[in-house]
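# Secondary and tertiary structure notes
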Amino acid sequence: MLAIENISRKFGHKQAVSGVHLQIPAGSFIGVIGRSGAGKSTLLRMINRLVEPTEGRILFDGVDITKLSGKALRDWRSDCAMIFQQFNLVGRMDVLTNVLTGRLNKVSALRSLARIWSVDDRIMALSALEQFEIANLAAQRADSLSGGQQQRVAIARALVQEPKIILADEPIASLDPRNTKIVMDALLRINKHFGITVICNLHSLDIARDYCDRLVGMAQGRVVFDDVPAALTAEKSRELYGIEAADVMDTSDAAKGVFGQAMGGSISGLQTSH
Amino acid sequence: MTPTRQSPTRDERQRLILAHPLLFRSGNRQLIKLAAWLAPALIAFCFGFYWLDISWGRVWLGLGRLGEFVSLMLPPTYGDTNAPFDFWRSLSDTTKLWIYLQSLAETLAIAFLGTFIAAVCAIPIGFLAAKNVMANTILHFLTRRFLDTVRTVDTLVWALIWINVVGLGPFAGILAIATSNFGLFGKLYSEAIETADTKPVEGILSTGGSHLHTVRFGLLPQILPIIVSQILYQFESNTRSATIIGIVGAGGIGQHLYEQIKILEWQHVSFLVLLVLAAVMMIDFISVRVRFAIIGIKQGSVAP
Ligand SMILES: Nc1ncnc2c1ncn2[C@@H]1O[C@H](COP(=O)(O)OP(=O)(O)OP(=O)(O)O)[C@@H](O)[C@H]1O
Ligand SMILES: [Mg+2]
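Keep in mind that what you see is a predicted model, and the values were worked out from it rather than measured.

### So, the overall build of chain B
Looking only at helices and strands, chain B has twelve helices and zero strands in total. Going from N to C terminus, chain B has its helices and strands arranged as α-α-α-α-α-α-α-α-α-α-α-α. Against the compact-globule benchmark of 19 Å for 304 residues, chain B has a radius of gyration of 29 Å, which places it well outside the compact range. Referenced to the eigenvectors of the C-alpha coordinate spread, the extents of chain B come out at roughly 95 × 65 × 50 Å. Relative to its full complement of 304 residues, chain B shows a buried share of 32%. Sequence separation of 24 or more characterises 68% of the internal contacts of chain B that already satisfy a separation of 6 or more.

### Structural notes on the site of ligand 1
Residues and elements named next belong to chain A. The environment of ligand 1 is formed by Phe11, Lys14, Ala16, Gly34, Ser36, Gly37, Ala38, Gly39, Lys40, Ser41 and Thr42. At the level of elements, strand S2 (14-24) and helix H1 (40-47) are the ones that each hand at least two residues to the shell around ligand 1. For the shell around ligand 1, the element with the highest residue contribution is H1, accounting for three residues.

### Re the environment of Arg291(B)
Residue and element names in this part refer to chain B. Here Arg291 lies in helix H12 (residues 266-295). The spacing of Arg291 and Pro225 is 66 residues in sequence and 7.7 Å in space, taken between C-alpha atoms. Every residue in contact with Arg291, bar those within four places of it in the chain, is listed here: Val228, Ser229 and Leu232.

### Notes on the nonpolar core
Core analysis: the largest hydrophobic core is formed by 130 residues, its most contacted members being Ile83(A), Val99(A), Ala156(A), Ile166(A), Leu167(A) and Val198(A). Take this core: its biggest share by element is eleven residues, from helix H8 (residues 170-194) of chain B. Non-local contacts of Ile166(A), meaning those with residues more than four positions away in its chain, are made with Ala81(A), Ile83(A), Ala158(A), Ile190(A), Ile196(A) and Val198(A).

### Here we look at the domain arrangement of chain B
For interface size, the figure often reported is the accessible area lost on association. Annotation of chain B at the domain level lists domain 1 (26-72) and domain 2 (99-298). Here the C-alpha centroids of domain 1 of chain B and domain 2 of chain B sit 34 Å apart.

### Let's talk about the interface of chain B and chain A
In this assembly, 24 residues from chain B lie in contact with 31 residues from chain A. Of all elements in the fold, only helix H9 (199-206) and helix H10 (211-247) of chain B reach the threshold of two or more residues within the side of chain B that touches chain A. Per-class residue counts for the side of chain B that touches chain A are eight nonpolar, twelve polar and four charged.

### Focus: helix H3 (residues 56-73) of chain B
Compared with an ideal rise of 1.5 Å per residue, which puts 18 residues at 26 Å, H3(B) spans 26 Å between its outermost C-alpha atoms and is within 8% of the ideal. Among the 18 residues that make up H3(B), zero are buried, leaving the element largely open to the surroundings.

### Points about the sheet that holds S2(A)
Residues and elements named next belong to chain A. The strand order across the open sheet formed by four strands is S2-S1-S4-S5, and the pairing between neighbours is antiparallel. Among the strands making up the open sheet, the edge pair consists of S2 and strand S5 (63-64). Inspection of the sheet shows strand S1 (residues 2-11) paired to strand S4 (residues 55-60) by five bridges, in the antiparallel sense. Each residue of the ladder has a partner; that of Ile4, found in S4, is Ile58. Docked against the sheet, H1 engages S1, S2 and S4, running at close to 60° with respect to S2.

### As for the pairing of strand S7 (residues 165-169) of chain A
Residues and elements named next belong to chain A. Burial runs high along S7: five of the five residues are buried. Burial along S7 is two-sided: the residues Ile165, Leu167 and Asp169 and Ile166 and Ala168 are all buried. Examined bridge by bridge, S7 and strand S8 (residues 197-201) share five bridges and lie parallel to one another. In the sheet register, Ile166 faces S8, and the bridge partner there is Val198. Crossover S7 to S8 through helix H7 (residues 177-194) is right-handed.

### Notes on the environment of Leu145(A)
All names here are of chain A. Inspection of the secondary structure assignment puts Leu145 in the loop between helix H5 (119-131) and helix H6 (147-160). Taking the C-alpha atoms as reference points, Leu145 and Val95, 50 residues apart in sequence, are found 9.0 Å from one another. Setting aside anything within four residues of it in sequence, one finds Leu145 in contact with Leu137, Gln140, Gln150 and Val153.

### Details of the packing of helix H7 (residues 155-166) of chain B against H10(B)
Residues and elements named next belong to chain B. Running from N to C, H7 and H10 point in directions that differ by 45°, and their axes come no closer than 10 Å. By the angle between their axes, H7 is oblique relative to H10. Helix-helix and strand crossings are classified by hand; for H7 and H10 the assignment is right-handed. Every residue of H10 that contacts H7 at Thr155, Leu156 and Ala159 is listed here: Ser241, Ile244 and Ile245.

### Concerning the sheet that holds strand S9 (residues 214-219) of chain A
All names here are of chain A. One open sheet holds the six strands; their spatial order is S6-S7-S8-S3-S9-S10, and the pairing between them is mixed. Every other strand in the sheet has two partners, leaving strand S6 (80-83) and strand S10 (222-227) as the edge strands with one partner each. Taking the axes of each pair of neighbouring strands and ignoring which way they run, one obtains an average angle of 20° across the sheet.

The rules behind each value
Residues numbered from 1 in each chain as written. Chains lettered and ligands numbered in written order. Predicted model: local features only at pLDDT ≥ 70, side-chain atom pairs only at ≥ 80, totals over all residues. Helix = DSSP H or I, 4+ residues; strand = E, 2+ residues; numbered from the N terminus. Rg over C-alpha atoms; globule rule 2.2 N^0.38 Å. Buried ≥ 20, exposed ≤ 12 C-beta atoms within 10 Å, placed from the backbone. Contact = placed C-beta atoms within 7 Å. Near = placed C-beta within 6 Å. Core = buried A, V, L, I, M, F, W, Y, C linked by C-beta atoms within 7 Å. Domains from an automatic or database assignment. Nonpolar A, V, L, I, M, F, W, Y, C, P; charged D, E, K, R; others polar. Expected span 1.5 Å × (residues − 1). Pairing = 2+ DSSP bridges. Axes fitted to C-alpha atoms, helices over the stretch in contact; angles between N-to-C directions. Right-handed = clockwise from strand over helix to strand, strands pointing away. Parallel < 35°, antiparallel > 145°, perpendicular 65-115°, else oblique. Left-handed = near helix turned anticlockwise from the far one by under 90°.

So, in structure tokens, the structure goes:
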């Protein structure tokens, strides 16, 4: 259980996130939506502590993670894996080593700095790559991969962290429709198969409706919507997005999302499939 | 038919021009600006010639003298040059050749050791001088200025200083190259670190990696190829410096070059120059290959 209590963050005079309360039970698939600048990335990055909150606290199973430092902080970061829009891989290193960096927190400093990985770790990394059908790329340099492949490497890296939560900050924003589906399916699979909580910032409402069991809508740093996708009516989303609403919705048929779709049975909202 | 290009009305034109006066300034301003930059440069150039009393007549006379020198230098040899001169006979006397080759090897050793010591010692200071690694602004500023000071003093001056400290010989040469390059490498490293992409660093941090991990995995892979090619380039440049500092007594082939110029053995001088040239070319040849081997490592696809 992740409990976000009255969390706020200021950048200079700009209030990026203000007074957010959220209770997130283990195993949820949460979509965070809202227009650009609403504070979605800041919220996610505060959970991983890449950004420090200016106010409030975040409890995970009763432990205040905003107070952690040193080894305890690194352990927490390893427990809540992060997936970035720009993948944030080490381009000059091969794919397998990139996945293995997900193990850094769990191996001794000397071994990790010398890049001596145990056979178990390597097998774990390879099997993670295999799940996303890119094990054959393991020896290739990460920057020689396509965007969709790189994002799958990033998800494999997250997976070998053996995290309790996965935070994904617009994981599909730089991908084409086909890769979008592959990456979202991968996240859904991790969520259903391993029971890992997924919190995912999304730009597209249709994708959010299709995959998430709960949507959190943000505007100007505040949570203004928090419910199942079916409750997000056309009116509500217009409130959330203002005049941009037409851009993020496929058609005027804004309320077509059905909760049951998130189970992966029939993902009809996607325009393309292979 | 619909017009493909929108043509604004007169009023519209006027409104746009008035709204953005800066974008519609007359072109003359650009010319004036250019002249304002060029004029001082031209004046400085002419004044320099006048002040240093350079006359073109002397250049003409000197040109003739230069031709004379070149003829004195031919053919290059390492043997006996007394009259009657026989090129092939002079080549058969190899005592000097071995001495020259040995001192060339000494020069290469000085350049190699000096470069190596500088490259290694500059690593920690390079990180200290990088803004994105060193959060403390005062320490960052002090390291930067320290590196600038070390770098500004020329290798030749460092050689003269070190000769006074450790005495004549190759050790002074090594220290001279090491010190002046230390400043240079420190600056080059810190710049490579500062321009490195921060996304991989954030990626490593987000997995729960330590500060050392972010440097090892996030920064090092990015800066290593840059650093290696800079070291190789400096090694080549330092071979030339090591020749020059030999002249003031810091070991190596420069000593012989200086001696042969003093006793007017021009054919030996040209031979020594060719020897250095060959060494530099050889280093260049090797360093290009090493650089590509490192930069191109694991590039492209590898069979599964
Ligand atoms: N490091 C920073 N320094 C200063 N201001 C920042 C910083 N990070 C975010 N902000 C500001 O905080 C606000 C929220 O930013 P945030 O990145 O969280 O928005 P977002 O909802 O993720 O937007 P987008 O959908 O465009 O990614 C914005 O106004 C942004 O300008
Ligand atoms: Mg964002």
